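# Commentary on secondary and tertiary structure
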Amino acid sequence: MSFPKIEGYVVTEKLGTGSYSTVYKGYTKVGARTVVAVKCVDKARVKHSGSAVDNLVTEIRLLKTLTHPHIVQMREFTWDDKCSIFCNSWLRH
Ligand SMILES: Nc1ncnc2c1ncn2[C@@H]1O[C@H](COP(=O)(O)OP(=O)(O)OP(=O)(O)O)[C@@H](O)[C@H]1O
């Protein structure tokens, strides 16, 4: 199985899938090798549903501002031709 190449991160395993996304475990290349969950949203799947685009924008907007011990913190948001990528601290077990 091939994992996505994401600048600044090493992706090590698949954690799960959602309606429009695949979530991987990885760690930061530089510094303390912080373990993260990397959520890759498949743009092609999102494009076909108007409400899914709205939900994605809302999710990103909320994750940018939320700080709570029971909600994963978004470290980074990026995108390429195929997908939008959120990098979260890996808090869920
Ligand atoms: N921070 C995380 N730590 C560990 N596992 C995670 C994390 N985020 C997501 N996962 C895993 O990846 C799966 C898919 O994540 P996603 O956030 O897309 O799920 P969802 O919100 O349940 O899906 P949907 O997009 O359909 O609502 C989860 O069910 C979980 O198994």
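So, a few notes on the structure that sits alongside this text. (Residues numbered from 1 in each chain as written. Predicted model: local features only at pLDDT ≥ 70, side-chain atom pairs only at ≥ 80, totals over all residues.)

## A look at the pairing of strand β5 (residues 83-89)
Where strand β3 (residues 35-42) lies against β5, seven bridges are found, and the strand directions are antiparallel. For K39, the partnering residue across the bridge sits in β5 and is F86. Of the strand pairs in this sheet, strand β4 (residues 74-79) and β5 are connected by five bridges, and their pairing is antiparallel. Its bridge partner lying in β5, M74 is registered against N88. (Pairing = 2+ DSSP bridges. Helix = DSSP H or I, 4+ residues; strand = E, 2+ residues; numbered from the N terminus.)

## Concerning the nonpolar core
I6, Y9, Y20, Y24, V36, V38, C40, V41, C83, I85, F86 and C87 together form the largest nonpolar core, which totals 12 residues. Breaking this core down by element, the ones donating at least two residues are β3 and β5. Among residues more than four places away in sequence, those in contact with V38 are I6, Y9, V11, V23, Y24, G26, I85 and C87. (Core = buried A, V, L, I, M, F, W, Y, C linked by C-beta atoms within 7 Å. Buried ≥ 20, exposed ≤ 12 C-beta atoms within 10 Å, placed from the backbone. Contact = placed C-beta atoms within 7 Å.)

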